[in-house]
Each structure stands twice: as C-alpha cells, then as structure tokens.
There are 2 protein chains.
Amino acid sequence: MPDLDDSAPRTARQIARAELTKAITDAARRQLAEVGPSALSLRAVARELGMASSAVYRYVASRDELLTILIIDTYDAIGEAAEAADDRAIAAGADAGARWLAVCRAVRSWALAHPNEWALVYGSPVPGYQAPQDTVGPASRLGLAMARVVVDAAAGGELAAVASLPAPTLVDPGVLQAIGGLPDAPHEDLPERSMLLWIALVGAISFELFGHLHNVITDHAVGFDRQMAVAASSIGLTLPLDGA
Amino acid sequence: MPDLDDSAPRTARQIARAELTKAITDAARRQLAEVGPSALSLRAVARELGMASSAVYRYVASRDELLTILIIDTYDAIGEAAEAADDRAIAAGADAGARWLAVCRAVRSWALAHPNEWALVYGSPVPGYQAPQDTVGPASRLGLAMARVVVDAAAGGELAAVASLPAPTLVDPGVLQAIGGLPDAPHEDLPERSMLLWIALVGAISFELFGHLHNVITDHAVGFDRQMAVAASSIGLTLPLDGA
DNA sequence: TGCTCAATGTGAGCAGTGCTCTCGGTTCAG
DNA sequence: CTGAACCGAGAGCACTGCTCACATTGAGCA
C-alpha cells in the first residue's frame, strides 16, 4: 500500500490511482443502493469496472474497508442533509420549532430516498466489524446539527419549562464541549433530554424503513411529524404541525 | 415437504422429524448467538449435527426460512421477558411508573444478553427478505406488553396531564382494538404518544448495542433509565429513578 | 407377511463469494 | 538507464446457498 497522503497527486500514476479509487467507491455506492449492504460484492464491483477482482485489492484493502468508506460517506450525506435543511429554515426566518421539524423531515426524506445506505449506518453492524476512528467525526455530524437547533432554542428562550431529571448529567464531557458547554437555563439536563430527540428521530425512521410500523400507523409522514412533536415536547419545544 | 400440521406426531418417523427439526433450530440458535445473523451458515449447522448439508433442506426450505424461525423465537423471547417483568412488578405491588421501568430494564437486559438475536429482529432486515405473516403476532408482543402498562396507568388515573396533539389519531384501528379501544382520559392521543415509548425503548437499546452511544454517554445503564424517564414523561408517567 | 411408495440421507456439482499469490508488464525515481 | 515500486490478470483456496440423481429406510396397505 503506497501512501499518497500527500494532498495533491503529481504523477500520472497517482492521478490514475485516485481516479480508479473514486470509480471503485462510486460503483460500490451504486451497488449498495441497489442490493443493500450485505449483498455488496467486491467481485461485482470489479465486473462493473471491467477489471479482475484481484485488481480491486490494490485500491481497497478488503470488503470491510470499502464498507467503511461508504459508511463515512453516508454519515456525511445525512449530516449535510440536516445542516442544509436547518440553514434553509434559518434563512427563512424560522423559529426553533420550525427548524427542528425541518431537520427531522429532511433526514427522513433522505432516508426514504436511500434506504440501503441508512440501513448500512443505523442497522445492525456487520459482525466482527469495529468502527474505525475515521467514522466518529462524520457520525456525529447529525447529532451536532440537532444540537445546534437545541442550543439556539435554549439561548433564545424558546424552550418551555419541563420537569428536571435528578442527578448530574451523564453526557460525555467531549460531547458537551462540542455543543458549547452545559446550559443553565431552562434545564441543565438539556443535553440528556435532547438525546431522546436523537434516538426518536433515528428510531422512528428506522422503524418505518425496517417495516416495524407496518399495520401500526396509517399515515407514515404525518405520524412521523407527530412523533417528533411528542419527543420535542420533552425538552419544552413546540413544533408547528399542520393540524395545529 | 410433508405436511404434518396434525398436532401430535404419531409414527417414529414423525417423532424423529420433529426432534431433528428442533435440533436444527437449536444449533442455528447457538450459531446465531455466536456469529450473528449474517454469518449464520446452513452448512455449519449441518456440520454441527454431523449430517450432510443437503439433508438440512429436508427440514428447512432455505436459510431465509431458518432465519424466520429464529426471528419468531426472538420476538417471543423479548415479549416474554417484558411480560414476565411486568408480572413480577405487579405481584410486588408496583405502580405504573415502576412497572414501566421494570419492563424497560428487562428488555434491555435481555438485549444485552442476546445482542445478535436483537440485531436479527431490530437491525436492518436482510435484503429481499419479506417478513411472513407468522412474524406479526410475536412481533407485536412487546408492544402489547407495553400497552398494558400504559392502559392500566390511564385507567388508574396515574397519568399526569400533558399537552395534546392536534387532529385525530393515526394509529391503526386493529392496534387500537388490540389494546382495548381508544382511551378518553387524560389524553385521547395516548396511543400515539405511547408509540414514542416504544420507539425510545427499542431505539435506545439498539443505539447502545450498535455502538452509537460510544463516547456519547458515560454510564449506559443509568443513561438508559433516564432516557426512559424522559420518554415516559411525555405521556405524563413518572418513573421511580434511583437518584430521585 | 410382503410390496410399494414416500420420506430420508448422501455426495457430487453449480454458481457465487472474499481473499491470496504468482507472474508478467508498466511506470516512476535515482 | 536501470532497479524498484506499482499494477493488472489469472489461477486457486476455502467457503457459501442450493439442486439433483441416487441409495436407503420405514410406514402403511393388501
């Protein structure tokens, strides 16, 4: 494995290598979208690119590494979808509730459009697979986007009072630092309560995507909005639902 | 495929068949617990039983069917763990909050003890796999156990008032019937709000099991309790946490 | 009791997988 | 210009799910 961590490829060989690596990941991405994570085949990727299967191993160490690349891509895409939706809401002058609803809907839309990618990151992990450190950055992007809305809402006094949790926070100090410290008003347990929003968002989408809501709820889109509204109410945030 | 749907096996051959079928599923269960759903191999099961791999197909139509059996088993085991915990809490004279906490903890304990089985049912579905109708009964067992606690809490006046959702309920009529109809007090949107408890329970456990809470929360057991408390508060239910 | 046919077990085989290794050919750097 | 690094191809290994022809066994019937 040659290290071409040097930012810009210089020689023709390095350029070809970069291009071929991209072609491989692109083909893998297409195949992931089509057949899902567990059926993603390195040999099929090689076939699609017209090369021998063994040649792919010059560029990708293993199938797991290829999946890791796609995992990182997916986390990034989800995080970007959330950030973009929030940015649009901010530009439209939305309050915290509207921003939050916009983020939730954007993430759900992304998931519905990319079910296999969603399953890759939020479904069961591949056995024996240990997430490398490279994934934690992109993985936290969605959480940070959500935290931004909550922090803004708290700072802007947009959160109604709710009953507090007992005892000090259990949220990791590194996380607290990433979101700008522990808030004092209206609830110092806000980080922990906000985690429920995260769990509810990802959980509701996964439930819908994985079929657990089949025959349980009639209108998935509206039901999703209302689940998010219920979850948001637990941090004192009110969402502007259509029916309201 | 012979149909021996007739309840009791009569002949020696039918007895042997029933026993071998059980041996196969047992071996598959062991292997599932060891290597996870995606690595479950029909050939390895056959090896463990000392028979030719092709012989297994006399008893199980395909690997997918074997997985379906395990899925049903798992749903049942989770539902039973929840029901048993609730029964114990009731026997101990617990109120709705304590019952609910007991159920949550029991399900989490079961999941921690059987991570691969949990991933099989609540992780990403295997591609191209369509859940047969046989799974919906066992699958709803956990939800019904949870509903029992909520319904009892509502009937016993143990739910505090919370802000209501707009518009009528979206919960499937069949589900409403299964839990004994739509309640009128204190919130007629109780079924929908309760769904958040379900999503939060399964979501929090899956997050922990799949590694998404790594470096996010410090004490998983306590953090779980508190997430459940936050979720429960959205239906006006207060959980008896240790720190309170 | 003997016969017949279905149920059962076996091993070979097909098509596919991830991955390794060797063998040439190409390209880059000193 | 030469040696070394890189690259693609193909064969091959061990594994998978699944099928099929064949032999065996057993259960019910005459």
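1. Notes on the packing of helix 5 (residues 96-113) of chain A against helix 7 (residues 136-155) of chain A
Residue and element names in this part refer to chain A.
Okay, step 1: Contact pair helix 5 / helix 7: the axes reach a minimum separation of 9 Å and the direction vectors enclose 165 degrees. The angle between helix 5 and helix 7 places the two elements in the roughly antiparallel class. In terms of crossing hand, the pair formed by helix 5 and helix 7 is left-handed. Contact residues: helix 5 offers Ala96, Arg99, Trp100, Val103 and Val107, while helix 7 offers Leu142, Met146, Arg148, Val149, Asp152 and Ala153.
Okay, step 2: Each residue belonging to the contact of helix 5 with helix 7 can be placed in one class, and the counts come to eight nonpolar, no polar and three charged.

2. Some details on the protein's contact with DNA strand D
Okay, step 1: Around DNA strand D lies a shell of 25 residues, among which Ser54, Arg58 and Tyr59 of chain A together with Leu42 and Arg43 of chain B are the nearest.
Okay, step 2: Sugar and phosphate atoms constitute 49% of the interface atoms of DNA strand D, taking the interface as everything within 4 Å of the protein.
Okay, step 3: One nitrogen or oxygen atom from the main chain of Leu40 of chain B is found 3.5 Å from a phosphate oxygen belonging to DNA strand D.
Okay, step 4: For DNA strand D, a phosphate oxygen lies 3.2 Å from a polar atom in the side chain of Arg47 of chain B.
Okay, step 5: Class assignment of the residues belonging to the surface near DNA strand D gives a composition of 10 nonpolar, six polar and nine charged.

3. Comments concerning the nonpolar core
Okay, step 1: Of all hydrophobic cores here, the largest spans 134 residues; its most connected members are Trp100 and Leu142 of chain A together with Trp100, Leu142 and Leu201 of chain B.
Okay, step 2: Once residues within four sequence positions are removed from consideration, Leu142 of chain B is found in contact with Ile78, Gly79, Ala82, Val107, Tyr122, Trp198, Leu201 and Val202 of chain B.

4. Regarding the protein's contact with DNA strand C
Okay, step 1: Of all residues adjacent to DNA strand C, which total 25 residues, the nearest are Arg43 of chain A together with Arg17, Ser54, Arg58 and Tyr59 of chain B.
Okay, step 2: Protein-adjacent atoms of DNA strand C, using a 4 Å cutoff, are sugar or phosphate at a proportion of 47%.
Okay, step 3: At 3.5 Å from a phosphate oxygen of DNA strand C is found a main-chain nitrogen or oxygen belonging to Ala12 of chain A.
Okay, step 4: Every element with two or more residues in the surface near DNA strand C is listed here: helix 1 (12-35), helix 2 (42-48) and helix 3 (53-56) of chain A together with helix 1 (12-35) and helix 3 (53-56) of chain B.
Okay, step 5: A per-class count over the surface near DNA strand C returns 10 nonpolar, six polar and nine charged.

5. Topic: the relation of the copies chain B and chain A
Okay, step 1: With an axial shift of 0.0 Å and an RMSD of 0.1 Å, the rotation relating chain B to chain A amounts to 180 degrees. As the rotation angle and translation indicate, the two copies are arranged about a two-fold axis.
Okay, step 2: Interface residue correspondence from chain B to chain A reaches 100%, placing this contact among same-surface, isologous pairings.

6. Brief notes about the pattern of salt bridges
Pairs may arise between side chains of opposite charge once their charged atoms sit close together.
Okay, step 1: Across all of its chains, the model carries 30 salt bridges over all chains by this definition.
Okay, step 2: With a closest N to O distance of 2.8 Å, Asp26 of chain A and Lys22 of chain A form a salt bridge. Placement of the pair is Asp26 of chain A and Lys22 of chain A together in helix 1, with a separation of four residues, close to one helical turn.
Okay, step 3: Ionic pairing is found between Arg148 of chain B and Asp87 of chain B, a salt bridge with its closest N-O pair at 3.0 Å. You can see Arg148 of chain B sitting in helix 7 (residues 136-155) and its partner Asp87 of chain B sitting in helix 4 (residues 63-91), a full 61 residues away along the chain.
Okay, step 4: On the accessibility criterion, Asp87 of chain B (41% relative accessible area) is partly exposed.
Okay, step 5: Connected through salt bridges with shared partners, the residues Asp86, Asp87, Arg99, Arg148 and Asp152 of chain A form a single ionic network.

7. Quick notes on the interface of chain B and chain A
Okay, step 1: Of the residues lining the interface, 50 residues belong to chain B; the matching set on chain A comes to 50 residues.
Okay, step 2: Buried area between chain B and chain A, both sides added, is near 4,300 Å², and the carbon and sulfur share of it is 69%.
Okay, step 3: Linking chain B with chain A are two salt bridges.
Okay, step 4: Across the salt bridge formed by Glu192 of chain B and Arg226 of chain A, the nearest N and O atoms sit 3.3 Å from each other.
Okay, step 5: Counting the contacts that link chain B with chain A gives 12 residue pairs in polar contact (both at pLDDT 80 or more).
Okay, step 6: The biggest single contributor to the side of chain B that touches chain A is helix 9 (residues 190-209) of chain B, with 11 residues.
Okay, step 7: Looking at the side of chain B that touches chain A residue by residue, the class counts come to 33 nonpolar, 12 polar and five charged.

8. What about the packing of helix 4 (residues 63-91) of chain A against helix 5 of chain A?
Packed helix pairs are specified by the crossing angle of their axes together with the interaxial distance, meaning the distance between the axes.
Residues and elements named next belong to chain A.
Okay, step 1: Contact geometry of helix 4 with helix 5 gives a least axis separation of 8 Å together with a crossing angle of 145 degrees. By crossing handedness, the relation of helix 4 to helix 5 is classed as right-handed. For the pair helix 4 and helix 5, the contacting residues are Thr74, Ala77, Ile78, Ala81, Ala82, Ala85, Asp86, Ala89 and Ile90 in the first and Arg99, Ala102, Val103, Ala106, Val107 and Trp110 in the second.
Okay, step 2: A per-class count over the contact of helix 4 with helix 5 returns 12 nonpolar, one polar and two charged.

9. Remarks on the environment of Gly236 of chain B
Residues and elements named next belong to chain B.
Okay, step 1: Relative to the assigned elements, Gly236 resides in the segment after helix 10 (220-233).
Okay, step 2: Here Gly236 falls in the buried class, since its relative accessible area comes to 10%.
Okay, step 3: When the C-alpha atoms of Gly236 and Leu159 are compared, they prove to be 4.8 Å apart, with 77 residues separating the residues in sequence.
Okay, step 4: Beyond its immediate stretch of four places on either side in the chain, Gly236 contacts Glu158, Leu159, Ala160 and Val162.

10. Thoughts on helix 5 (residues 96-113) of chain B
Residues and elements named next belong to chain B.
Okay, step 1: Helix length check: helix 5 (18 residues) gives 26 Å between terminal C-alpha atoms against 26 Å at 1.5 Å per residue, within 8%.
Okay, step 2: The complete set of buried residues in helix 5 reads Ala96, Gly97, Arg99, Trp100, Leu101, Val103, Cys104, Ala106, Val107, Arg108, Trp110 and Ala111.
Okay, step 3: Of the surrounding elements, those touching the buried residues of helix 5 are helix 4, helix 6 (115-122), helix 7, helix 9 and helix 10.

11. Comments concerning empty space enclosed by the protein
Okay, step 1: If you walk through the whole model with that rule in mind, you get three cavities of 30 Å³ or more.
Okay, step 2: The space that makes up the largest cavity amounts to roughly 130 Å³.
Okay, step 3: What lines the largest cavity is a set of 13 residues, and nearest its centre among them are Tyr122, Gly203 and Ser206 of chain A together with Tyr122 and Ser206 of chain B.
Okay, step 4: At the level of elements, helix 9 (190-209) of chain A together with helix 9 of chain B are the ones that each hand at least two residues to the lining of the largest cavity.
Okay, step 5: Per-class residue counts for the lining of the largest cavity are eight nonpolar, five polar and no charged.

Analysis parameters
Residues numbered from 1 in each chain as written. Chains lettered and ligands numbered in written order. Predicted model: local features only at pLDDT ≥ 70, side-chain atom pairs only at ≥ 80, totals over all residues. Heavy atoms only, no water. Axes fitted to C-alpha atoms, helices over the stretch in contact; angles between N-to-C directions. Helix = DSSP H or I, 4+ residues; strand = E, 2+ residues; numbered from the N terminus. Parallel < 35°, antiparallel > 145°, perpendicular 65-115°, else oblique. Left-handed = near helix turned anticlockwise from the far one by under 90°. Contact = heavy atoms within 4.5 Å. Nonpolar A, V, L, I, M, F, W, Y, C, P; charged D, E, K, R; others polar. Near = heavy atom within 4 Å. Polar contact = N/O pair within 3.5 Å; in protein donor to acceptor, adjacent residues only side chain to side chain. Core = buried A, V, L, I, M, F, W, Y, C linked by side-chain atoms within 4.5 Å. Buried < 20%, exposed > 50% of the residue type's maximum accessible area, 1.4 Å probe, protein only. Least-squares fit on C-alpha atoms with pLDDT ≥ 70 in both. Salt bridge = Lys/Arg side-chain N within 4 Å of Asp/Glu carboxyl O. Buried area = accessible area lost by both parts, 1.4 Å probe. Expected span 1.5 Å × (residues − 1). 1 Å grid on protein atoms, 1.4 Å probe; cavity = no way out; pocket = protein on both sides within 12 Å on 5 of 7 lines; lining within 4 Å. Points joined across faces, edges and corners; volume = space filled by probe spheres on them.

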